[in-house]
Amino acid sequence: MAPVRTLSALTEADIAATRSANPDAFGNSRKSLLIYAAWASVFVYLAFAFIYFDFGRIFEPSENAQRLLRAMFRWEDMETWQYANIYRGIAETLAMAFLGTFLASLVALVVGFLAARNIVRFGLFRHTVRRILDVFRGIDQLVWALVFVRAVGLGPLAGVLAIFISDIGTLSKLYSEAIENIDRKQVEGIRSTGAGPVRTIRFGILPQVLPVFLSQSLYFLESNTRSATSLGIVGAGGIGMIIIERFRATLYDQVVFVVINVLILVAIIDWVSKKIRMKFIGEVGE
Amino acid sequence: MAVTTTPLTETGHPQDPVSIYEKHRTDLQRAKLGQNILFLLLFFGMLIFSIVTSQFYPERLAQAASRVFEYFGTIMPNLQWDLLFEGRDEQGRAVEGSLTFWYTDLDKYLSLIWETILMAITATLLGTAGALALCFAGSRNLMKNSWIYFFARRFMEICRGVPEILIALIFVFAFGIGPLAGILAVAIHTAGALGKLFAEVNENVSRRPIDGIRGVGGNWFEQMRYGVLPQVLPNFVSYGLLRFEINVRASSIIGFVGAGGIGQELNRVISFYSDDRVLAVLVLVVITVTLIDLLSERLRLYFIGKEQL
Amino acid sequence: MLELKGVSKHFTSTKAVDDVSVTIDDGQMVGIIGRSGAGKSTLLRMINRLADPTAGEIRFGGQDVATIKGRQLLNWRSECAMIFQQFNLVGRLDVITNVLTGRIYHHGFASSMLKLYSPAERAFAVHALDRLTMAHTAMQRADTLSGGQQQRVAIARALVQEPKILLADEPIASLDPLNAKVVMDALRTINREDKITVVCNLHTLDTARKYCDRVIGMAAGKVVFDGPASDLTLEAARAIYGADLGDFTEEMTSTDLDALGRPPAAAIGTAVDGQQLAS
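I'd like a rundown of the interface of chain B and chain A, residues and numbers included.
Of the residues lining the interface, 57 residues belong to chain B; the matching set on chain A comes to 60 residues. Counting the surface lost from both chain B and chain A, the interface buries some 5,500 Å², and carbon and sulfur atoms represent 79% of this. Along the contact surface separating chain B from chain A lie 0 salt bridges. At the junction of chain B with chain A, the criterion picks out 7 residue pairs in polar contact (both at pLDDT 80 or more). Among the elements that make up the side of chain B that touches chain A, the one with the highest residue count is helix α1 (residues 17–53) of chain B (9 residues). In terms of residue class, the side of chain B that touches chain A is made up of 39 nonpolar, 11 polar and 7 charged.

Encoded structure:
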């Protein structure tokens, strides 16, 4: 058969013949059918969801929505905005995040060892500790905040407690994993010099895990600064409460201003944390 | 062994190795001392400031602790071993002390949990679509135009940076109470977070297939679709599944501001009742999130070896 | 006819390509030779604008392709096919889809995004693969193929573009001798039978001599040799490669299987008359 050099040289008969000889190459393979089915089901689901969740409402914006949109871009009476409260709120948010992360790290330092396979051999105890930590982690920080607001009242104390408890769960687990992943040889080396258990931990384990601990805690400090804003929205102190207050007072332009400040704050924290990492951990992270 | 200072030579150099080491060590320590003191001062300053600002004083703490325990006492269900599995009696009333009594509103809770999961699926799908639309423009190696790159990145940062619950609050205000607001809020946050992750994956692709598509006359979109997408898709799917896990969690609490799902119910029982209903809903939420986490991990491991789309 | 007039590519401190002027008639098979860094690759990539020239004209079919933009540029690239040293296929896609990407220019946004190729195009792609005896791998993932196979798929992709000119940037540099022969034979067949101009960058003299009608030698960005393959003497080769080694023979760069039959070349570092040269 003479080679086909151009597209136009192909006849219908030829196309049909090639097709029957190589059906898969024409997109009829089982694999491509499955792929089409998968995409189709995604679109069918989305169509269902659009109806079920009444997405049509997006196109009928209420009075409120229009007012909101207008106010977001037109900032009025900026002198009356009570900046002192805003920056006090930001300071409070920072304080909450810092204290909560710090205290959780202290506790995790101890509990992390209790939950590590190579430190505590007694399985039952270790597993119980782990399950309790799972519960602390499993309940979202925001839910803890809600509970603590109920228990101790509105204000930053509830926020600190929420961050504290939920981070004990996460940090302890991460710390214990770091401890389980250490290089045994270093520990053996220290032990072979005659050091007792405490000194073994101090010189054999801690130098290896402290950088990891610090790195994790810094990461959570960043993350908690972000989430502390949300905690305030449910009453647990910080800038979130200011946001709600201004929102309820329909001062939407001020809400936008506060949010911008929060975004800047988060960017600053990211930068500081990167500097600290480079200095103390020697990481060149992003 | 006592260490004595060695007499210096005429040129002023200490002589034996030990004192050389000691001098070196003190020099290093002194150099770092300034920095370390500064850092310690900052740290303690921050600590004191935090304690004062949040009024984290011992008396308040003690008070708080006792009130916390008190609260947990009130939300504990009154379960009795012998009555645990008792069903309803002839009049259809549940027996106090049984699980059935504790979970009287189980059908309502389950339908809300189902709604929450649907919210998470929808939000993840929409958010991923948004992330796909933004991530190529937000990749330094793929987008030559600095302005487009800059705005794509900033837009994704805003979507990530504004707290989900705040976005949800705004949408509840604009479109009314219900899951729609929640889905939109989670979707927007997902587009930002996932978009950034996707862009980072994009920045590590091989240029060869892209050059191949350039060579046949493909435009930027075709270079992305044929040259980049096949390389990154497995990673994208993995991140997408992870995001779904996170979004189930997010969807279950977004209801606090009226944006639907089990969160709305949780907020209602916490605010209005201080009884075992709170724990009932809480336990259900934790179980759901844990199950979804496990399921999603299974799915991710399954896809790691597989051919994709 | 492809005309390069005064084409240059300057970087801040170096001239990768320095004032090259060359005319290539339709249907020729041209080999460009020279050491690494002589500018061969840069020159070739400027022809299909994967790199942009800093000066000069590149005329093909009455158009100066050095300055065109937008849709016109994409059109030019679709008419000017290129195969690469590293094949530049999309590894995770199957062979047939890779070949079909040669038709991308002829599709609108939706149909190229959704991979909606016509049955005629698909049949054309299968035929192209068949010419390279690769039709049986059509449904395999491209990265499961060997280097030689991938290059043949790349050639099939070039064929479905219905190109007016085919550029080959070191097409056999990553291949073993047997596969190199298959690929070069395919290029020559396409040149002879389809009457498509072929311009290849090669790094072995004997390949150039064996397959190409005309050889262009480059050194330091300039053209230092331009003539029929038969004119390529050892002196000329030395000028191109700047060989300061006393004894430079073709066999030193040869990857040709036929060379196995000839007596071994003198070792580098010793001249033919036995004098030891500096190593």
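Describe the interface of chain A and chain C, with residues and values.
At the interface, 19 residues of chain A touch 16 residues of chain C. Across the interface of chain A and chain C, roughly 1,600 Å² is buried in total on both sides, 66% from carbon and sulfur atoms. The interface formed by chain A and chain C holds 2 salt bridges in total. For the interface between chain A and chain C, the tally reads 6 residue pairs in polar contact (both at pLDDT 80 or more).

Explain the packing of helix α6 (residues 147–160) of chain C against helix α7 (residues 177–193) of chain C residue by residue, including any values.
Residues and elements named next belong to chain C. Where α6 contacts α7, the two axes come as close as 9 Å, and the packing angle between them is 15°. By the angle class used here, α6 and α7 are roughly parallel. Regarding α6 and α7, the two cross each other, and that crossing is right-handed. Within the contact between the two elements, α6 uses Gly 148, Gln 151, Arg 152, Ile 155 and Leu 159 and α7 uses Asn 179, Val 182, Val 183, Ala 186, Leu 187 and Ile 190. Of the residues assigned to the contact of α6 with α7, the class counts are 7 nonpolar, 3 polar and 1 charged.

Mind laying out the environment of A:Ala115, listing which residues take part and the relevant values?
Residues and elements named next belong to chain A. Positionally, Ala 115 belongs in the loop between α4 (83–114) and α5 (123–138). Judged by relative accessible area, Ala 115 falls into the buried class, the value being 0%. With 12 residues separating them along the chain, Ala 115 and His 127 place their C-alpha atoms 7.5 Å apart. If we ignore the near neighbours within four places in the chain, the residues touching Ala 115 are Arg 126, Val 129, Arg 130, Leu 133, Ser 176 and Glu 180.

Account for the sheet that holds strand β7 (residues 165–169) of chain C, naming residues and giving values.
Residue and element names in this part refer to chain C. With mixed pairing, 6 strands are arranged side by side in an open sheet as β6-β7-β8-β3-β9-β10. Across the chains shown, the open sheet's two edge strands, defined by having one partner strand only, are β6 (80–83) and β10 (222–228). Geometrically, the sheet is characterised by an average inter-axis angle of 15° between neighbouring strands, direction not taken into account. In this structure, strand β3 (residues 29–33) lies alongside strand β9 (residues 214–219), joined through 4 bridges in parallel fashion. The residue bridging Ile 32 from the neighbouring strand is Ile 216, located in β9. Sheet contacts for helix α2 (residues 70–79): β6 and β7; angle to β6, the most-contacted strand, approximately 60°. Here α6 sits on the sheet in contact with β6 and β7, set at roughly 175° to β6.

Give a description of the packing of aromatic side chains that names residues and reports values.
Taken as a whole and judged by the stated rule, the model has 27 aromatic pairs over all chains. Ring centres of A:Tyr219 and A:Phe220 lie 5.7 Å apart, and the angle between their planes is 90°; on these two criteria the pair is classed as edge-to-face. Judged by its relative accessible area of 13%, A:Phe220 is buried. Measuring from centroid to centroid gives 5.2 Å for B:Trp220 and B:Phe221, while their planes differ by 80°, and the two rings are edge-to-face. Classification of B:Trp220 as partly exposed rests on a relative accessible area of 27%. Assessed through its relative accessible area of 43%, B:Phe221 is described here as partly exposed. Taken together, A:Phe98, A:Phe102, B:Phe39, B:Phe43 and B:Phe44 form an aromatic cluster joined through their ring pairs. The ring of A:Phe203 carries A:Arg202 above its face, with NZ or CZ at 4.6 Å from the centroid.

Mind laying out the confidence of the model for chain C, listing which residues take part and the relevant values?
Residues and elements named next belong to chain C. Put simply, chain C has an average pLDDT of 87, and 87% of its residues get 70 or more. Low pLDDT, under 50, characterises residues 266–279; the predicted model gives this stretch 13 contacts beyond four residues in sequence or across chains. For this predicted complex, the interface score ipTM comes out at 0.86, alongside a pTM of 0.83.

An account of the pattern of salt bridges is requested, with residue identities and associated values reported.
Under the counting rule described, the total for this entry stands at 35 salt bridges over all chains. B:Glu203 serves as the salt-bridge partner of B:Arg153, at 3.3 Å between the closest nitrogen and oxygen. With B:Arg153 in helix α5 (residues 146–161) and B:Glu203 in the loop between α7 (179–202) and α8 (208–215), this residue pair connects regions lying 50 residues apart in the sequence. For C:Arg45, the salt bridge identified is with B:Asp211, shortest N-O distance 3.2 Å. Placement of C:Arg45 in helix α1 (residues 40–47) and of B:Asp211 in helix α8 is noted, with the two residues assigned to different chains.

Outline the sheet that holds strand β4 (residues 55–60) of chain C, supporting the account with residue identities and numerical values.
The strands making up a sheet associate through backbone hydrogen bonding, with each pair oriented either parallel or antiparallel. Residue and element names in this part refer to chain C. Spatially, β2-β1-β4-β5 is the arrangement adopted by the 4 strands of the open sheet, whose pairing is antiparallel. The open sheet has two edge strands, β2 (15–24) and β5 (63–64), and neither has a second partner. Inspection of the sheet shows strand β1 (residues 2–10) paired to β2 by 6 bridges, in the antiparallel sense. Across the sheet, the residue bridging to Glu 3 is Thr 23, located in β2. Contacts from α1 reach β1, β2 and β4 within the one sheet, and its direction differs from that of β1 by about 120°.

Tell me what's going on with the pairing of β6(C), and back it up with residues and numbers.
Walk down a regular strand and you will see the side chains alternate between the two sheet faces. Residue and element names in this part refer to chain C. Burial of β6 is two-sided: the residues Cys 80 and Met 82 facing one way and the residues Ala 81 and Ile 83 facing the other way are all buried. Alignment of β6 against β7, held across 4 bridges, turns out to be parallel. Bridged to Ile 83 within β7 is Ala 168.

Requested: an account of the pairing of β3(C), with residues and values cited.
Among the 5 residues in β3(C), 5 count as buried, and that is most of the element. Taking every second residue as pointing to the same face, both faces of β3(C) are buried, with C:Met29, C:Gly31 and C:Ile33 on one and C:Val30 and C:Ile32 on the other.

Any details on helix α7 (residues 156–180) of chain A? Residues and values, ideally.
Residues and elements named next belong to chain A. The first and last C-alpha atoms of α7 sit 35 Å apart over 25 residues, in line with the 36 Å expected at 1.5 Å per residue. The largest bend in α7 comes to about 35°, at Asp 167. In terms of residue burial, α7 counts as a mostly covered element, since 21 of its 25 residues are buried.

Describe the side chain of A:Asp140, naming the residues involved and giving the relevant values.
Among the structural elements, A:Asp140 can be located in the loop between α5 and α6 (141–152). Summary of buried charges: A:Asp140 has no salt-bridge partner, and the nearest side chain of opposite charge, B:Arg249, is 4.0 Å away. Beyond its immediate sequence surroundings of up to four residues, A:Asp140 is in contact with B:Arg249 and B:Ile253.

Calculation criteria
Residues numbered from 1 in each chain as written. Chains lettered and ligands numbered in written order. Predicted model: local features only at pLDDT ≥ 70, side-chain atom pairs only at ≥ 80, totals over all residues. Heavy atoms only, no water. Contact = heavy atoms within 4.5 Å. Buried area = accessible area lost by both parts, 1.4 Å probe. Salt bridge = Lys/Arg side-chain N within 4 Å of Asp/Glu carboxyl O. Polar contact = N/O pair within 3.5 Å; in protein donor to acceptor, adjacent residues only side chain to side chain. Helix = DSSP H or I, 4+ residues; strand = E, 2+ residues; numbered from the N terminus. Nonpolar A, V, L, I, M, F, W, Y, C, P; charged D, E, K, R; others polar. Axes fitted to C-alpha atoms, helices over the stretch in contact; angles between N-to-C directions. Parallel < 35°, antiparallel > 145°, perpendicular 65-115°, else oblique. Left-handed = near helix turned anticlockwise from the far one by under 90°. Buried < 20%, exposed > 50% of the residue type's maximum accessible area, 1.4 Å probe, protein only. Pairing = 2+ DSSP bridges. Phe/Tyr/Trp six-rings, centres within 6.5 Å; stacked < 30°, edge-to-face > 60°. Lys NZ or Arg CZ within 6 Å of the ring centre and 35° of its normal. pLDDT = per-residue confidence, 0-100. Expected span 1.5 Å × (residues − 1). Bend = angle between axes of the 7 residues up to and from the residue. Lys, Arg positive; Asp, Glu negative; His and termini not counted.

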